[in-house]
Amino acid sequence: MKDSRRNFIKKIAMLGFSPLAFKIPVIDVSFEELMQKHFKEMSEEEKREVIERLEREYKEKYGIDVKIKTTPAKEGVVWGYALNIQKCIGCRRCVYACVKENNQSRGSKNDPTIPAIQWIRVIRVEKAKLNPETKAKADFRVGFGEVRAGIDIEVTEHYYSPDKVPEKDYFYIPIQCQQCERPPCVKVCPTKATWKEPDGIIVIDYNWCIGCRYCMAACPYWARHFNWTEPYIEAEEINTNMHYLGNRLRMKGVVEKCTFCIQRTREGRFPACVEICPVGARKFGNLLDPESEIRKILESKRVFRLKEEAGTQPKFFYFMD
Amino acid sequence: MKKLLVFTIFTLLILLPHTTLATPEFGKKESRNCDYCHISGDYTKLNSRGEYYLKHNFSFEGYKEKIEKGEGIGEKLYMRYCQGCHGEVNDYFKNKEINEEVISVIKSGKMPPNIKLDLNDTEIKALAKYVGYWCNLCHGKMLPNPEEREIHAEGHPSSLKHGEFWCLNCHNLNDRDYLKLINGKLIPFNQSPELCGECHGQVYNEWKEEIHGRWVGSINNPIADVICVDCHNPHSPKFSPIEPMPTPQEKLLSFEPANYRNIAIAVVAISVLLMAYAGSGRR
């Protein structure tokens, strides 16, 4: 009996220490990371330390040398985006250029529970639904007096896959972060992990995100995406040109979204989606510069914004010729 | 009077064969065209090649081409073998595309000086690249035919899917290195947007204001040297459909208002029940 009691106590003790024995990570966070300040409150010295730590961690994890920047916003610049829905052919080239540029999770081929994350979502809309003479259907939401036409983007087709695009009776609306001037996602964040930069880009400090996903619920554009699992990305596919607030590698349990390719645009380059677009439907520029192309488009074209009635004032404009 | 008529007829009879079949025996012997030894356009003068021929007992033996001027291999080869007959390449076409037709013609041995034997494959390729699809390479040696017809020539656009057009609506009949505007003004190929703009005025203006087209380069210096035909094929301007990339995996939350309504009803019902329960307890 004595023997068995001793054994029992031993077993209990072993059970208690087993997390240590099997190295089960209870909190997989270094002390520095735990004590890290909010990005906006960091001094230049502290920023440099954090960058060094991150670069070291990525080197350990993926075995690659990366360059993480903290380039601040330029003065007199507010970025704006314009997309020509008459030209867009729905080919999704932008979606995959974005994934490649911004180090999103590619989705594991072996493990279906690790999904691929994409910041751009292209929806397909029937042209007939924009015709005022079409009879009202369930997904019509907007009515102007007698005229009932328009689309409710919440019940449109995201998963279309024809052999060839464009299709005859459809047009396509790519949706990504609209970089709202009055962003509801920033309003709801309990930890102030997301905010609007002086150049109008909404950014996230992934180290301050607690993964509550309030911002995802607040966003009317499906712009924010959550890392339900540890993101899966091959080391050789990682884009080593990174920005702290943009495309640096994310971890499990944080929200991410489009930042107008902050690592590119703050250096004067176009976002990846603008560069890849085969039909030139995507335009990007400084809204404060009256000579910029984006301003000329806003002045001369028929422009609309998604869900204007929500009062979010997006800086992402859709236009037609 | 009769004498004068006979005299004119005789003169013409003597002169005509000489003007039309003026390939002298030197040309026949060397199987060269006039431009090889004479200065193009002014055949009363000889070029350096012709002068050498004249001074060295009507033979090219020992003659070395002055090829130092050319920059690339293609240009040097062109100056040595082709420029004599074909003249100078229009700058617009130089080093743009490899003209496959040139390669096959040289390899077939149709070119008068049998340059096929002298050159290896890389050299022929360099030559074909230097010439590019330069119109006057062939058209400069052909009689213009303004008749509307189907064109069957290798290495030449055969069909025109651009409105109800025919080649010579845009191309100039007599010098194919130029395009022709409606008012008859000739413009070189690199100014082609002016021609496109004659029909597509609105797009042309937008392009000039740099709001039409794919954006390349940096934000401060967007469309750099990109003209209409860099993206649109002028002979078939319609883009063909392409395959879309795969569909997204990630499923998004459905925000259908109906779902919200059910949730709202449930929340209200539960809170009413809770309040009723709390009220009953106090009593």
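Residues numbered from 1 in each chain as written. Chains lettered and ligands numbered in written order. Predicted model: local features only at pLDDT ≥ 70, side-chain atom pairs only at ≥ 80, totals over all residues. Heavy atoms only, no water.

Participant: Residue-level account of the nonpolar core, with values.
Facilitator: Formed by 64 residues in total, the largest nonpolar core has its most connected members in Ile68, Ile173, Ile175, Tyr244, Phe260, Phe284 and Tyr318 of chain A. Element by element, the count of residues in this core is highest for helix H3 (residues 44–62) of chain A, at 5 residues. Tyr81, Ile103, Cys135 and Leu195 of chain B belong to the second largest nonpolar core, which has 24 residues in total. (Core = buried A, V, L, I, M, F, W, Y, C linked by side-chain atoms within 4.5 Å. Buried < 20%, exposed > 50% of the residue type's maximum accessible area, 1.4 Å probe, protein only. Helix = DSSP H or I, 4+ residues; strand = E, 2+ residues; numbered from the N terminus.)

Participant: So what about the packing of aromatic side chains? Which residues, and what values?
Facilitator: Inspection of the entire model under this criterion finds 17 aromatic pairs over all chains. Judged by centre distance (5.3 Å) and plane angle (45°), the rings of tyrosine 160 of chain A and tyrosine 172 of chain A are tilted. Pair noted here: tyrosine 160 of chain A is in the loop between strand S5 (147–148) and strand S6 (170–175) and tyrosine 172 of chain A is in strand S6, with a separation of 12 residues, a long-range link. The exposure classification of tyrosine 160 of chain A matches that of tyrosine 172 of chain A, with both residues buried. Look at phenylalanine 93 of chain B and phenylalanine 189 of chain B: their rings are 5.1 Å apart centre to centre, the planes differ by 65°, and that puts the pair in the edge-to-face class. Residue phenylalanine 93 of chain B is located in the loop between helix H5 (83–86) and helix H6 (100–108), and its partner phenylalanine 189 of chain B is located in the loop between strand S4 (186–188) and helix H10 (192–196); the two are separated by 96 residues in the primary sequence. Among the aromatic residues, those joined into a cluster by ring pairs are Trp79, Tyr81, Phe260, Phe284, Phe304, Phe316 and Tyr318 of chain A. (Phe/Tyr/Trp six-rings, centres within 6.5 Å; stacked < 30°, edge-to-face > 60°.)

Participant: Can you tell me about the interface of chain A and chain B, naming the residues and giving the values?
Facilitator: Opposite the 48 residues of chain A that make contact, chain B presents 28 residues. Of the roughly 3500 Å² buried between chain A and chain B, counting both surfaces, carbon and sulfur atoms make up 59%. At the junction of chain A with chain B, the criterion picks out 1 salt bridge. Notably, a salt bridge pairs glutamate 206 of chain B with lysine 301 of chain A, separated by 2.5 Å at the nearest N-O pair. Here chain A and chain B share 14 residue pairs in polar contact (both at pLDDT 80 or more) between them. Where the side of chain A that touches chain B is concerned, the elements lending two or more residues are helix H4 (93–102), helix H8 (272–276), strand S12 (282–286) and helix H9 (293–300) of chain A. Per-element accounting of the side of chain A that touches chain B gives the leading share, 5 residues, to H9 of chain A. (Contact = heavy atoms within 4.5 Å. Buried area = accessible area lost by both parts, 1.4 Å probe. Salt bridge = Lys/Arg side-chain N within 4 Å of Asp/Glu carboxyl O. Polar contact = N/O pair within 3.5 Å; in protein donor to acceptor, adjacent residues only side chain to side chain.)

Participant: Lay out unusual backbone geometry in plain terms, naming residues and giving numbers.
Facilitator: Cis geometry is found at the peptide bond from valine 165 of chain A to proline 166 of chain A, where omega equals -5°. Mapped onto the fold, proline 166 of chain A is located in the loop between S5 and S6. The phi dihedral of arginine 213 of chain A is positive, around 65°, even though this residue is not glycine. Position of arginine 213 of chain A relative to the elements: it lies in the loop between strand S8 (202–204) and helix H6 (214–218). Its identity as a non-glycine residue notwithstanding, asparagine 95 of chain B has a phi of 50°, on the positive side.

Participant: Now, about the sheet that holds strand S14 (residues 316–320) of chain A: what can you tell me, with residues and values included?
Facilitator: Residues and elements named next belong to chain A. Spatially, the 4 strands line up as an open sheet ordered S12-S2-S14-S13, and their pairing is mixed. A strand with exactly one partner marks an edge of an open sheet, and here the two such strands are S12 and strand S13 (302–304). Averaged over all pairs of adjacent strands, the angle between their axes in this sheet comes to 30°, without regard to strand direction. Across 4 bridges, strand S2 (residues 79–84) lies against S14 in parallel orientation. Among the inter-strand pairings, tyrosine 81 is bridged to a residue of S14, identified as phenylalanine 316. Packed onto the sheet, H9 meets S2, S12, S13 and S14 and runs at close to 115° relative to S12. (Pairing = 2+ DSSP bridges. Axes fitted to C-alpha atoms, helices over the stretch in contact; angles between N-to-C directions.)

Participant: I'd like a rundown of the environment of alanine 235 of chain A, residues and numbers included.
Facilitator: Topologically, alanine 235 of chain A is positioned in the loop between strand S9 (225–226) and strand S10 (241–243). Those residues in contact with alanine 235 of chain A that lie beyond four places of it in its chain are Tyr62 and Ile64 of chain A.

Participant: An account of the pairing of S14 of chain A is needed here, citing residue identities and associated values.
Facilitator: Residues and elements named next belong to chain A. With 4 of its 5 residues buried, S14 lies for the most part within the structure. Inspection of the sheet shows S13 paired to S14 by 3 bridges, in the antiparallel sense. Within the sheet, the bridge partner assigned to valine 303 lies in S14 and is phenylalanine 319.

Participant: Help me get a handle on the pattern of salt bridges, residues and values and all.
Facilitator: All names here are of chain A. Enumeration over the complete set of coordinates arrives at 26 salt bridges over all chains. When the shortest N-O distance is used, the salt bridge between arginine 56 and glutamate 32 registers 3.7 Å. Taken as a pair, arginine 56 in helix H3 and glutamate 32 in helix H2 (residues 31–34) lie far apart in primary sequence, 24 residues in all. Between aspartate 321 and lysine 301 there is a salt bridge, and its shortest N-O distance comes to 3.0 Å. Taken as a pair, aspartate 321 in the segment after S14 and lysine 301 in the loop between H9 and S13 lie far apart in primary sequence, 20 residues in all. Judged by relative accessible area, which is 34%, aspartate 321 ranks as partly exposed.

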